[in-house]
Amino acid sequence: MEPVSVSKNGTPAEAAPGIARIDVAAVSSKALRSLYGTRQKIYPKRAKGTFRSIKWLVMAVTLGIYYLLPWFRWDRGPTLPNQAFLLDFANQRLFFGPIEIWAQELYFITGILVISALGLFLVTAIAGRMWCGYACPQTVWTDLMIAVERFWQGDRNARMRLDSAGWTFEKIWKKTATHVTWLLISLATGGVLVFYFRDAPTLAGELIRGDAPIVAYVFLGVFTATTYLLGGIAREQVCIYMCPWPRIQAAMFDAESLLVSYHDHRGEPRGPHKKGQSWLDRGDCIDCKACVAVCPMGIDIRDGAQLECIQCALCIDACDDIMGKVGRPKGLISYDTFLNVEAPAGAERSPVRFVRPRTVLYSVLIALVIGLMGWAWMARSTLQVSVIADRNPIFVTLSDGGVRNGYTVKILNKTHAHQQFRVGIDGLAGAHVSIVGFDGSDTPLTVEADSVRAYKVYVSVPPALRQQLSSSTNLKVSVTNVESGDTVITDTTFRSSGQ
C-alpha cells in the first residue's frame, strides 16, 4: 500500500512525485461506524451436569432467602417491630435477628462490608470469579430469566429459529408470555425489596389496598424496572460493561488460583472426529462448540482467560458430556491453575495449594476485622448521651447579675425496657441545675425502650461565682442510669461572657 500525505489540519497535502494522495474528509461515516459492533444476542443452551446442578441449588437457596427473609418474625417485646430482618430507616436503626444497630453505630455496617470485600478477595484468590458464576444477584436473576425464556420458547435452536422467523401468532404469544413472566418476577423482586424497609405484612396489605406511602410505590416501580432490564434484557452486558469487578479481579489472582481452563496441550490440534478414527497425532477436542453453546457470556473458553468469563463452569459440564460420548477422558476443560495450564505437555500436574501467602493474608485480615467487631460489640454501651449547648444566645444574664447557659441533653436508651436517668454536672461548684418540666434536677428522667428523648437543661451560676469564672469554663454533664448505675460523662463548656 502506498503512503498517504496528510497535512496537520487533516487535509491532503501536496504529494511528492510517486506518492498517492487521499482525501481524509472523504472517508464515509459508514466506515467509521464499522469500528463499533452491535450486540450479538446470546442463546445459551441448557447444560446438564454437576456444575449446572450446583447452580440450580445455589439459585434455589439464594432466591429462597431473599424472598422469604422479610416474613420471618423475631419477638423483641411489645414496643419494637417483630420483623427479623428490618432496615428501619424511619427510626434510624437496623434489626438483624437479636442484633440492633443504631445510626450512631454504623461502623458495624462498615465492618460487615469490609469482611464481605475481604471474603470476595479470598474466594477470588482461591477460585477466580466463583462469586460471579454462582451467587452474584445479576447471575442468579439472569439464570432465572433464561430458564423462563427457555420454558416458553424452547432451547437454543428453537429460540434462534423463533427470533429469525416473522411475527406469527406463535411468536407473538411466546414472546408475550416470556416478557409477562419476566415482569411478574421483577414485580415480586421489587415488592420483596421494599418489604425489607418496613413491616412486610403491613406494607403488603397497604400496597394491595392502594394506601401505601407514595415512596413505596416509587421504589417498587424502580426495583421492578431495573430487575426486568438487567436480568431479562441486558443480561451479560451488565457483567461485561457495567460491573467493575472483571477489571480488577486480576489483582487477586496468582499462579495457583483455580480458574475454568481449557487444556490446549491435550485438546490441540482440534478437529471433527468420526467414530472409529484414530486419535493419534490429534487432540481430544472435536471442535463441536458445545462449550460455546452453553456459555451465558457467549465466549469460547478455548481462547484462554477472558474478561467476560464468569467461571460458571457450564462449559465443563458440556465438554465432559461430549468426552464421555466419544470415549475420551473427562477434564479437557476443568478448574485448574495457571501453573498447570501453562506447564509443558507431559509435565507432572502440581497439586493445588489453598494455603499460600495471599490466602493467608486475606484470612488473617478477615479474622482481625471480626475480632475488632466482636470487641466493639462486647464493649457496646446501652446508653448514649449527647449534649448540645445553646448557640443563640450562648448565655443569658439574669436579673440578679448571675448567668445561665442552656443545653439540650439527648439520651438514647438502647435497652428493650423503659429506663430512668438522673442528670448531674461537675466542674462548677455552686451552680444550679434545672430541667424544663421537672421540679428539681434530682427527679428521674424516663426514656422509653429503644428510643431517644431530648431534655432542656439550664445551668445557672450566682453573681459571686460569675466573677471568678473565665469567659469559657469546662463543664462535665453526667447522665446516670438509676437502676444499673451506668454513667456517661460528656464534656461541654459554660460561657459567662462573650469574650
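In this text, all values refer to a predicted model and were calculated from it rather than measured experimentally.

A. Representation of the sheet that holds strand β11 (residues 445-447). Strand order in the open sheet formed by four strands is β11-β9-β13-β14, and the pairing between neighbours is antiparallel. Whereas interior strands pair on both sides, the edge strands pair on one side only; in this sheet they are β11 and β14 (487-495). Across this sheet, the average inter-strand angle for adjacent strands is 35°, counted without regard to direction. Of the strand pairs in this sheet, strand β13 (residues 472-481) and β14 are connected by nine bridges, and their pairing is antiparallel. When the bridges of β14 are listed, L475 appears paired with T492.

B. Just the packing of helix α2 (residues 50-68) against helix α14 (residues 314-326), in detail. Contact geometry for α2 and α14: axes closest at 7 Å, N-to-C directions at 145°. Two secondary-structure elements touch here, α2 through T50, F51, R52 and K55 and α14 through L314, I316 and D317. Residues of the contact of α2 with α14, tallied by class, amount to three nonpolar, one polar and three charged.

C. Region of the structure containing the sheet that holds strand β1 (residues 85-88). Taken in spatial order, the three strands of this open sheet run β1-β2-β3, and their pairing is antiparallel. Edge positions in the sheet fall to β1 and β3 (99-102), since each of these pairs with one other strand and no more. On average, each strand axis in the sheet is tilted by 10° relative to the strand beside it, whichever way the strands run. Pairing of β1 with strand β2 (residues 93-96), which is carried by four bridges, proceeds in the antiparallel orientation.

D. Region of interest: unusual backbone geometry. Along the chain, E268 connects to P269 via a cis peptide bond; the corresponding omega equals -5°. Considering the arrangement of structural elements, one finds P269 in the loop between α12 (264-267) and α13 (290-294). Not every positive phi belongs to a glycine, and Q311 is a case in point at roughly 60°. Within the secondary structure layout, Q311 lies in the loop between α13 and α14. Its relative accessible area of 6% is what places Q311 among the buried residues. Phi at A313 is positive, roughly 70°, even though this residue is not glycine. With respect to the secondary-structure elements, A313 resides in the loop between α13 and α14.

E. Inspection of the packing of aromatic side chains at higher detail. Enumeration according to the criterion identifies 18 aromatic pairs in this entry. Each ring, one from F89 and one from F197, has its centre 5.4 Å from the other, and the planes form 65°; the classification is edge-to-face. Placement of the pair is F89 in the loop between β1 and β2 and F197 in the loop between α7 (169-195) and α8 (200-209), with a sequence separation of 108 residues. You can call F89 exposed: its relative accessible area is 53%. On the basis of relative accessibility, which here comes to 33%, the residue F197 falls in the partly exposed class. Taking 6.1 Å as the distance between ring centres and 10° as the angle between the ring planes, the aromatic pair formed by F121 and W245 counts as stacked.

Here is what the cut-offs are and how they apply
Residues numbered from 1 in each chain as written. Predicted model: local features only at pLDDT ≥ 70, side-chain atom pairs only at ≥ 80, totals over all residues. Heavy atoms only, no water. Pairing = 2+ DSSP bridges. Helix = DSSP H or I, 4+ residues; strand = E, 2+ residues; numbered from the N terminus. Axes fitted to C-alpha atoms, helices over the stretch in contact; angles between N-to-C directions. Contact = heavy atoms within 4.5 Å. Nonpolar A, V, L, I, M, F, W, Y, C, P; charged D, E, K, R; others polar. Buried < 20%, exposed > 50% of the residue type's maximum accessible area, 1.4 Å probe, protein only. Phe/Tyr/Trp six-rings, centres within 6.5 Å; stacked < 30°, edge-to-face > 60°.

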